[in-house]
Amino acid sequence: MANSLPRPVAAVRNAKLPDGRVVDLSIASGVVSEVTAAGAVSTPEPALDLSGRLLLPAPAEPHAHLDKARSFDAVNPPLGDLGSAIDAWHAHAPTMGIESIVERARAQALAMLAAGITAIRSHVDVLGDGRVSAGDATRGARALAQVREELAGLMDIQLVALAGPHCPDHLVEAVLDAGADLVGGAPHLAPDPAADLARLLALAERRGIGVDLHTDENLFGPVTLDAYARMVRDWPSDRPRTAGHCVRLGTLDAARRDAIIADVKTADLGIVTLPITNLYLQGRDHPVATPRGLAPLRELLDAGVRLGAGADNVRDPFNPVGRGDALETAALLVTAGHLSPEEAYGLVSAGARSVMGLPPAATEAGAQADFLAVRAENLVEAIATAPADRVVIHRGRVVAITETRRELPAMSVVRPHDPPALVPAS
Ligand SMILES: [Zn+2]
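Residues numbered from 1 in each chain as written. Predicted model: local features only at pLDDT ≥ 70, side-chain atom pairs only at ≥ 80, totals over all residues. Heavy atoms only, no water.

A. Main features of the overall build of the protein chain. Per the secondary structure count, the protein chain includes 15 helices and 17 strands. Taken against the 2.2 N^0.38 rule, which gives 22 Å for 426 residues, the C-alpha radius of gyration of the protein chain at 22 Å falls within 12% of a compact globule. Going through the 426 residues of the protein chain one by one, you find that 55% of them count as buried. Pairs at least 24 residues apart make up 74% of the contacts formed inside the protein chain by residues separated by at least 6 positions. If you sum the accessible surface of the protein chain, you get close to 18100 Å²; carbon and sulfur atoms cover 55% of it. Between the mean site of the 39 positive side-chain charges and the mean site of the 52 negative ones, the protein chain shows a separation of 2 Å. (Helix = DSSP H or I, 4+ residues; strand = E, 2+ residues; numbered from the N terminus. Rg over C-alpha atoms; globule rule 2.2 N^0.38 Å. Buried < 20%, exposed > 50% of the residue type's maximum accessible area, 1.4 Å probe, protein only. Contact = heavy atoms within 4.5 Å. Areas by Shrake-Rupley, 256 points an atom, 1.4 Å probe, with all protein chains shown as cover. Lys, Arg positive; Asp, Glu negative; His and termini not counted. Charge placed at Lys NZ, Arg CZ, Asp CG, Glu CD.)

B. Structural view of the sheet that holds strand 14 (residues 307-309). Here 8 strands make up an open sheet; going across it, the order is 7-8-9-10-11-12-13-14 and the pairing parallel. With one partner strand each, in any of the chains shown, strand 7 (61-64) and strand 14 form the two edges of the open sheet. When the angles between neighbouring strand axes are averaged without regard to direction, this sheet yields 25°. Pairing of strand 8 (residues 119-125) with strand 9 (residues 156-163) involves 7 bridges; the strand directions are parallel. Looking at strand 9, one finds that Arg 121 is bridged to Gln 158. (Pairing = 2+ DSSP bridges. Axes fitted to C-alpha atoms, helices over the stretch in contact; angles between N-to-C directions.)

C. Representation of the packing of helix 7 (residues 193-207) against helix 8 (residues 225-232) in the model. Packing of helix 7 against helix 8 leaves a shortest axis separation of 10 Å and a crossing angle of 30°. Classified by the angle between their axes, helix 7 and helix 8 sit roughly parallel to one another. Considering how the two elements wind past one another, helix 7 and helix 8 form a crossing that is right-handed. Residues Leu 197, Ala 198 and Leu 201 of helix 7 form the contact with helix 8, whose own contacting residues are Ala 227, Tyr 228, Met 231 and Val 232. A per-class count over the contact of helix 7 with helix 8 returns 7 nonpolar, no polar and no charged. (Parallel < 35°, antiparallel > 145°, perpendicular 65-115°, else oblique. Left-handed = near helix turned anticlockwise from the far one by under 90°. Nonpolar A, V, L, I, M, F, W, Y, C, P; charged D, E, K, R; others polar.)

D. Region of the structure containing the environment of Glu 299. One can find Glu 299 in helix 11 (residues 297-302). With a relative accessible area of 27%, Glu 299 lands in the partly exposed category. Sequence-wise, Glu 299 and Val 102 are 197 residues apart; in three dimensions their C-alpha atoms are separated by 39 Å. Setting aside its immediate chain neighbours within four residues, Glu 299 contacts Arg 257, Asp 258 and Ile 261.

E. Local environment of unusual backbone geometry. Of note, the bond from Leu 5 into Pro 6 is cis; its omega dihedral lies within 30 degrees of zero at -5°. Counting through the fold element by element, Pro 6 comes out in the segment before strand 1 (7-8). One non-glycine residue, Ala 289, lies in positive phi territory at about 45°. Along the chain, the position of Ala 289 falls in the loop between helix 10 (275-281) and helix 11.

F. Fine view of the pattern of salt bridges. Taken as a whole and assessed by the stated rule, the structure comprises 26 salt bridges. Between Arg 106 and Glu 150 there is a salt bridge; the shortest N-O distance is 2.7 Å. Note that Arg 106 is positioned in helix 3 (residues 98-114) and Glu 150 in helix 5 (residues 139-150), a separation of 44 residues in sequence. The exposure class of Glu 150 is partly exposed, given its relative accessible area of 34%. Asp 169 serves as the salt-bridge partner of Arg 199, at 2.7 Å between the closest nitrogen and oxygen. With Arg 199 in helix 7 and Asp 169 in helix 6 (residues 169-177), this residue pair connects regions lying 30 residues apart in the sequence. Bridged by salt links that share partners, the residues Asp 169, Glu 173, Asp 177, Asp 196, Arg 199, Arg 206 and Arg 207 form one connected network. (Salt bridge = Lys/Arg side-chain N within 4 Å of Asp/Glu carboxyl O.)

G. Representation of the nonpolar core within the structure. If you look at the biggest cluster of nonpolar residues, it comprises 92 residues, and the most contacted ones within it are Leu 225, Tyr 228 and Ile 271. Ile 271 has contacts with Leu 225, Ala 243, Cys 246, Val 264, Leu 300, Val 305, Arg 306, Leu 307, Gly 308 and Val 355, leaving out every residue within four places of it along the chain. Core analysis: the second largest hydrophobic core is formed by 17 residues, Val 23, Leu 55, Ala 373 and Val 398 among them. (Core = buried A, V, L, I, M, F, W, Y, C linked by side-chain atoms within 4.5 Å.)

H. Structural view of the coordination of the zinc ion. Surrounding the zinc ion are the protein donor atoms His 63 (NE2), His 65 (NE2), His 214 (NE2) and Asp 312 (OD), which sit 2.0 to 2.8 Å from the metal. Here the zinc ion binds 4 donor atoms, and the angle range of 83 to 175° at the metal identifies the geometry as irregular. When its relative accessible area of 3% is taken as the criterion, Asp 312 is described as buried. (Donors = N, O, S within 2.8 Å, 3.2 Å for Na, K, Ca; no water. Tetrahedral: all angles 85-135°; square planar, octahedral: opposite > 155°, others 65-115°.)

I. Up close: the pairing of strand 17 (residues 397-402). One ladder, built from 2 bridges, connects strand 1 with strand 17; its direction is antiparallel. Following the sheet pairing, Pro 8 is matched in strand 17 by Arg 397. In the sheet, strand 16 (residues 390-394) pairs with strand 17 via 5 bridges, with the strands oriented antiparallel. Directly across from Val 391, in strand 17, lies its bridge partner Ile 401.

J. Seen up close, the side chain of Arg 199. A polar contact of 3.0 Å, which involves the side chain of Arg 199, links it to the side chain of Asp 196. In this structure, Arg 199 is in contact with Ala 163, Gly 164, Pro 165, Cys 167, Pro 168, Asp 169 and Val 172, ignoring residues within four places of it in sequence. (Polar contact = N/O pair within 3.5 Å; in protein donor to acceptor, adjacent residues only side chain to side chain.)

Here you go:
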């Protein structure tokens, strides 16, 4: 069959929503124009029949590393903590050509699109230190800018220039010139975390752009989130500011934790939690009572902080496994983060889009028409089973369809959602 994607649709019909309603949605100019009970009114053509599927707001990935994705086999790193992953990556990175980065990044972005993700914010390394040329330092950024251009119209991609503590400013600026949108870094890894934080924020201010920093990705050691929040508090309200990981925040005593969370809320600093990678990287020095390495999710939610969740590293030295699938991240938020399924899906969809500065995508009039339709009866089943069969819509256009075929021996099977047989009262 000829590939007909992307394919615009003016309506989707017979879609089940997490609240149990079965609805038709009309779409105009990439935005939901009307939501009505299925069959209640005639909807425009062309329409897509989603009978038997659960319709969800499309998830977004607020923290990926497309330049590192799928490098695990090539790097062949030891299994270990953040420091050993960084060492393995730095030993491998100089050998990468642009084409190999493009191929891995494109494959991962398309896999995420097929899984339902219609927006990705990816960090991209500023490659090297003061000894390399701008051309060398920007290989990753140029590769990801190419992938972003190839996938334009299918998904939105934002790039963050991830500057290690030894990357001089002129190389960070070269990566921004090569297409990165935001300044990134990891001040907690610098010999002087406060100075690195101040340097990165000053660089962003100089260019009038936002920041997305790896923040306190350690169970011990420096706390930079408090200073970060104070330093961006007076920024223009539309300048993005995001803190990823915030592992250390989850280890602080309640009084200090809550004081920092209050500052984060005042500064409107978005937080991104990344369960799969921090469950993998953190806690290796704790053979008993091993901590989970997650930000304090309940306290952040209760404080009204903008909170998103993502998958971070996928099959690279920082995490050998994972799919970059928001349903996988949501499952971990339920089991390791103790959120409800509704809260968990909220973090990978509305929460993720909020920290990325994107307009809401939702099954309601006025929202951007970005959807994920899965074969499931309800949200808990969708998160539990993460069905491979999916339909993905971005701005009113079908951009990915996955259909699987399964054969099993013939059995008498009772589906869990079939109503129980009626037993006559005796
Ligand atoms: Zn990261």
